[in-house]
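Now for the letters of each chain:
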Amino acid sequence: MMEWLNTIIQGVLLGGLYAMFAAGLALIFGVMRLVNIAHGDLIVLAAFVALVVVEALSVNPLTSLLVVVPLMAGLGYALQRLLLNRTLGDDLLPPLLVTFGLSVIIQNALLELFTADSRKLNAGQIEIASLHIGGGLAVGVLPLIQFALAVMVIAGLQWLFYRTALGRAFRATSDDQPVAQLMGLNNAHIFALAMALSLAVVAVAGVLLAVRANFDPSIGPARLIFGFEAVIIGGLGSMWGTLAGGVIIGVAQAVGAKLDPGWNLLAGHIAFLIVLALRPEGLFPKVQG
Amino acid sequence: MPDRLLEVRALDAHYGDFQALFDVSMTVAAGSVVAVIGANGAGKSTLLRCIAGAMPSRRDAIVFGGNPIGDQPAHRVVAAGIALVPEGRRLFPSLSVEENLLIGGQLRRPGPWTLARIYDLFPILAERRRQAAPSLSGGQQQMVAIGRALMSNPKLLLCDEISLGLAPIVVRDIYARLPAIVADGTALVIVEQDIVQALKVADHVYCLQEGRIALAGEAQTMTRERISAAYFGA
């Protein structure tokens, strides 16, 4: 019994990471209907950027966020302004194709620069620290910090979307782009800000991923899938739905792995398919006015 | 005409191969009300969309306050002082009434219009400020659309078919507030199918027919016969 409880707790904590993969995806899809196929590779790129920063400045990976987050946000703004804005229009295909190409380019560039070796960021003593929560159960301090960071990021995005002028501009642009222009909002700039925000979240996710597990240039697409699944399970209604989606995938994977180590990923996909079959609009769908 | 706020000079507009406007010229004086009338598909909305920058046109085809703005995108045109109340209201459905108004004021152009003054003009909106925009009645939604445009403190307000789909009593109610807007020095261009309503408030009238100006003049000089000739090309 305690073993299962432990499995579920680990799954929930892992879900925080998936929720962050998903939040960045949901954000840009919500604002500009852009499906970013390169999202997973951008997470891995952030992990490698963190690797370089950690080695160059010899800082703790969590401290490296102070550099990696603004760097990735700046990259996001430029990427959107210079490239992705040109692909947006009535047709959904061009942004799909361009971000797919971007995904291939990022993977191969990372392979060229860093080889296919597995890397990992070392966060030091904190990695093996744990909290005893009674009944013989213990949770790692690092997974707890990661989950707390994920909740803070989601709460921050929720606040930004519904309580600030920028969030209002995001929602207005999402509702009706031509009229948003008539209100003086420059869509090109708003979209670029949304992508900057998305990649800031990606940066946090990438660093957490790099501390948690091994990474190499090829693991991006699988992160994209986890992110997609979390978004769809949660529904596009709220950022908290995304967190729920991430947690469901995390728990399903942990439970699957517990039953049979080979079922780890399969269990996550099955949970996704079950939700899709029963509630195709997701658990927290957007309320239509 | 004193103090030309807006000049449209030989404006042509196209949708693909289809030409919607031919050589349209008009002038709007500061603080005046101009009505643009005409049948369905005459090009009235296209004219407003060109002025507002929602459709690109020749740089010198639209001159605002002495500056050519024909090639400017919509968000720059708003910043210059032209706001459009779009046909069909087009409120942001996922925003509350107040958020819709605040979006209009996002540019912080200085001027007389604030949230409080919009609520003075349309008191019902103050009561409904927290509601989602689509939950309002058509007339109230139109008030939000007008308020939202005013929040940018425009020197020129373009109103596209603000009576469309509204009950006559509601239309009268909304038109009764227009003088309060003009009193603050904002010029108005009203596109309207309801000719009687339009002639009542306008100083100047332009009648469009199949993309061309068929009739132009002072509102008082307009007779039913002249308008119907311009309307139907009799």
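Note that the structure is predicted; figures quoted are calculated from it, not measured. (Residues numbered from 1 in each chain as written. Chains lettered and ligands numbered in written order. Predicted model: local features only at pLDDT ≥ 70, side-chain atom pairs only at ≥ 80, totals over all residues.)

**Considerations on the overall build of chain B**
- The secondary structure content of chain B amounts to 9 helices and 10 strands.
- Against the 2.2 N^0.38 benchmark of 17 Å for 234 residues, chain B shows a C-alpha radius of gyration of 17 Å, consistent with a compact globule.
- The C-alpha extent of chain B, read off along each of the three principal axes, is 50 × 35 × 35 Å.
- Each of the 234 residues in chain B was classed as buried or not, and the buried ones make up 47%.
- Within chain B, residue pairs in contact and separated by at least 24 positions form 67% of the contacts whose partners lie at least 6 positions apart. (Helix = DSSP H or I, 4+ residues; strand = E, 2+ residues; numbered from the N terminus. Rg over C-alpha atoms; globule rule 2.2 N^0.38 Å. Buried ≥ 20, exposed ≤ 12 C-beta atoms within 10 Å, placed from the backbone. Contact = placed C-beta atoms within 7 Å.)

**Some words on the overall build of chain A**
- In terms of helices and strands, chain A carries 11 helices and 2 strands.
- In chain A, the succession of helices and strands from N to C terminus is α-α-α-α-β-β-α-α-α-α-α-α-α.
- Since a compact globule built from 289 residues should have a radius of gyration of about 19 Å, the 19 Å found for chain A is in line with a globular shape.
- When burial is assessed residue by residue, chain A has 50% of its 289 residues classed as buried.
- The long-range fraction of contacts in chain A, counting pairs at least 24 apart against all pairs at least 6 apart in sequence, stands at 75%.

**As for the sheet that holds strand S10 (residues 212–218) of chain B**
Residues and elements named next belong to chain B.
- An order of S6-S7-S8-S3-S9-S10 is seen for the 6 strands of this open sheet, with the pairing classed as mixed. Edge strands, defined here as strands with exactly one partner in the open sheet, are strand S6 (82–85) and S10. Neighbour to neighbour, the strand axes of the sheet diverge by 15° on average, direction disregarded.
- Pairing of strand S3 (residues 33–38) with strand S9 (residues 204–209) involves 5 bridges; the strand directions are parallel. For Ile37, the partnering residue across the bridge sits in S9 and is Cys207.
- Strands in contact with helix H6 (residues 138–150) are S6 and strand S7 (156–160); relative to S6, the strand with the most contacts, it is inclined by about 170°. (Pairing = 2+ DSSP bridges. Axes fitted to C-alpha atoms, helices over the stretch in contact; angles between N-to-C directions.)

**Examining the confidence of the model for chain B**
- Within chain B, residue pLDDT values average 93, and 99% of them lie at 70 or more.
- Scored as a whole, the predicted complex attains pTM 0.92, and scored at its interfaces, ipTM 0.91. (pLDDT = per-residue confidence, 0-100.)

**Looking at the nonpolar core**
- Within the largest apolar cluster, 171 residues are counted, with the highest numbers of intra-cluster contacts made by Ala46 of chain A together with Leu158 of chain B.
- Considering every element that reaches this core, the biggest residue donor is helix H8 (residues 187–212) of chain A, with 20 residues.
- Beyond its immediate chain neighbours, meaning those up to four positions away, Leu158 of chain B contacts Leu48, Ile51, Ala52, Ile82, Ala83, Leu84, Val85 and Val189 of chain B. (Core = buried A, V, L, I, M, F, W, Y, C linked by C-beta atoms within 7 Å.)

**Focus: the pairing of strand S2 (residues 18–29) of chain B**
Residues and elements named next belong to chain B.
- Of the strand pairs in this sheet, strand S1 (residues 4–15) and S2 are connected by 8 bridges, and their pairing is antiparallel. In the strand pairing of S2, Glu7 is matched with Thr27.
- Connecting S1 to the next strand, S2, in antiparallel fashion are 2 residues, including Gly16 with a positive phi near 60°.

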